[in-house]
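Residue strings, one per chain:
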Amino acid sequence: MAFLEIEDLRKVFGDTVAVDGVSLSVEKGEFVTVVGPSGCGKTTTLLNVAGLQTPTSGSITLRGRDLTNLPAYERDIGVVFQDYALFPHKTIAENIAFGLKMRGASEDERDRKVSEMLSMIDLEGYEASYPHECSGGQQQRVAVARALAFDPDLVLMDEPLSNLDKKLRKTMRTELKRIQRETGITTIYVTHNQTEALSMGDRIAVMNGGELEQFTDPKTAYERPDSPFVADFLGSSSRIDGTLSLGREPEINVDGATLAVEGREGFADGDRVASFFRTELVTLQADRLAGENVFQGTVKSVDYQGRDAVYFVTVPDLETTIQASGNATDRMLEPGDDVWLGIDPSNVIYTPAHGTITSSRDDTSPVEAQ
Ligand SMILES: Nc1ncnc2c1ncn2[C@@H]1O[C@H](COP(=O)(O)OP(=O)(O)OP(=O)(O)O)[C@@H](O)[C@H]1O
Ligand SMILES: [Mg+2]
């Protein structure tokens, strides 16, 4: 049994099925990120693990102990929720030391831990301040410190960095990962930010409509998504549907055009598939390109983004528009320019056109237990 086992968790509110049969095994010391569109059940899942809501059905086991009917305060779980405010009448130090005090830690130990935590969140000297004297971002950092300070078995974080500016967010991300590696505290981290999910997670759980779509390491999720939803949700890409043909060389037939692809387990000849070209993996140039998967097109529009630009290119052979990113400092292509696009067969992602592939589920192993 894994360190944390969520089994067939279901949570229903009236007519709304917020979480629809989620099963998740998390190993000790793992950092799991959870992503998915707004309303897909991320917060509800965490609230049920924390004991702040009661599941409609399913079970939650931590270190072999069934938590399902255990009140929140008896679970050794640190939480940081977006609207889970600090205690307004306690100082920053008292807030951070709260969990330690509840567990009978000595004053010396509390003081030591508070200074360690304040230095981690870059708020040295704030011991005696009150939450209302801190900015939203500072309060968020204190909330993170409060959740970690008592060395819980598990920490649940729901968008803990959402109030921070980009630079601080990046620093905190690195800091959080460092602390987590050092303390080995098993963490589940919900974020809207896909880069954050991919860069921080040992494994990434992608949720959709109350269900868990895929749970694997970030590289696999990005490069070998199991469903069109995961392929589309992580990163930017263009989708082209077609029929898989497994002759001598695997290829996808798209109304007259053919895409060379690499073989992937779990597919049969004639399967309807969705293929995806990652925007950053499409080669785009004005001069003729040679090789497989080369198409002629016309620039329809350009999305200038500073250093780079994303080009939207109409490709008659594929009857669609393909996005490709390019350097914007070189000679920029303009709408109306004729261009050549190319994508290496190894970079063409494909999934079943509907539903999800299940064959690759078992070949991902969690990180070593620490
Ligand atoms: N207390 C509640 N009562 C009724 N419906 C609820 C309640 N909490 C959540 N829901 C519904 O359950 C679904 C999942 O909500 P949840 O808050 O878990 O989504 P989320 O993935 O955290 O979204 P976001 O990214 O916007 O925070 C939504 O449709 C939401 O409206
Ligand atoms: Mg939420």
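Please read all numbers here as calculations on a predicted model, not as lab measurements.

The rules behind each value
- Residues numbered from 1 in each chain as written.
- Chains lettered and ligands numbered in written order.
- Predicted model: local features only at pLDDT ≥ 70, side-chain atom pairs only at ≥ 80, totals over all residues.
- Heavy atoms only, no water.
- Helix = DSSP H or I, 4+ residues; strand = E, 2+ residues; numbered from the N terminus.
- Buried < 20%, exposed > 50% of the residue type's maximum accessible area, 1.4 Å probe, protein only.
- Contact = heavy atoms within 4.5 Å.
- Lys, Arg positive; Asp, Glu negative; His and termini not counted.
- Charge placed at Lys NZ, Arg CZ, Asp CG, Glu CD.
- Pairing = 2+ DSSP bridges.
- Axes fitted to C-alpha atoms, helices over the stretch in contact; angles between N-to-C directions.
- Near = heavy atom within 4 Å.
- Polar contact = N/O pair within 3.5 Å; in protein donor to acceptor, adjacent residues only side chain to side chain.
- Areas by Shrake-Rupley, 256 points an atom, 1.4 Å probe, with all protein chains shown as cover.
- Nonpolar A, V, L, I, M, F, W, Y, C, P; charged D, E, K, R; others polar.
- Domains from an automatic or database assignment.

Residue-level account of the overall build of the protein, with values.
In terms of helices and strands, the protein carries eight helices and 20 strands. Split into buried and exposed, the 370 residues of the protein put 50% on the buried side. For the protein, restricting intrachain contacts to residue pairs at least 6 apart in sequence, the fraction spanning at least 24 positions comes to 67%. Of the charged side chains in the protein, 36 are positive and 59 negative, and the gap between their average positions amounts to 5 Å.

So what's going on with the sheet that holds strand E19 (residues 338-342)? Which residues, and what values?
The antiparallel open sheet is built from five strands, whose spatial order is E15-E19-E16-E17-E18. This sheet does not close on itself; its edge strands, each paired only once, are strand E15 (283-285) and strand E18 (320-327). Geometrically, the sheet is characterised by an average inter-axis angle of 40° between neighbouring strands, direction not taken into account. Summarising the sheet, strand E17 (residues 308-315) and E18 pair through eight bridges and their orientation is antiparallel. By the bridge assignment, Val315 is partnered in E18 with Thr320.

So what's going on with the site of ligand 1? Residues and values would help.
Close to ligand 1 lie Phe13, Thr16, Ala18, Pro37, Ser38, Gly39, Cys40, Gly41, Lys42, Thr43, Thr44 and His192. Within the backbone of Gly39, one N or O atom sits 2.7 Å away from an oxygen atom of ligand 1. At a separation of 2.7 Å, an oxygen atom of ligand 1 approaches a polar side-chain atom of Lys42. The fraction of the free accessible surface of ligand 1 (630 Å²) that becomes covered by protein chains is 60%. Broken down by secondary-structure element, the contributors of at least two residues to the shell around ligand 1 are strand E2 (16-26) and helix H1 (42-50). Element by element, the count of residues in the shell around ligand 1 is highest for H1, at three residues. Class assignment of the residues belonging to the shell around ligand 1 gives a composition of four nonpolar, seven polar and one charged.

Would you mind going over the domain arrangement of the protein in detail, with residue names and values included?
Segmentation of the protein into domains returns domain 1 (4-223) and domain 2 (236-356). Using only C-alpha atoms to locate each centre, domain 1 and domain 2 end up separated by 38 Å.

So what about the sheet that holds strand E1 (residues 4-13)? Which residues, and what values?
Read across the open sheet, the four strands follow the order E2-E1-E4-E5; overall the sheet is antiparallel. Lying at the two open borders of the sheet, with one neighbouring strand each, are E2 and strand E5 (65-66). As judged from the five bridges shared by E1 and strand E4 (residues 57-62), these two strands associate in the antiparallel manner. Residue pairing across strands places Glu7 opposite Ser59, the latter belonging to E4. Docked against the sheet, H1 engages E1, E2 and E4, running at close to 115° with respect to E1.

Give me the pairing of strand E7 (residues 154-158): which residues, what numbers.
The two faces of the sheet receive side chains in turn, since in a regular strand these alternate between them. By the criterion of burial, E7 is predominantly enclosed, with five of the five residues buried. Judged by which residues are buried, E7 turns out to be covered on both faces: Leu154, Leu156 and Asp158 on one side and Val155 and Met157 on the other are all buried. Where strand E6 (residues 77-80) meets E7, four bridges bridge the pair, whose relative direction is parallel. Across the sheet, residue Val79 finds its bridge partner in E7, namely Leu156. Two strands pair when backbone bridges link them, and E7 and strand E8 (residues 186-190) are joined in this way by five bridges, in the parallel orientation. Along E8, the bridge assignment pairs Leu156 with Ile188.

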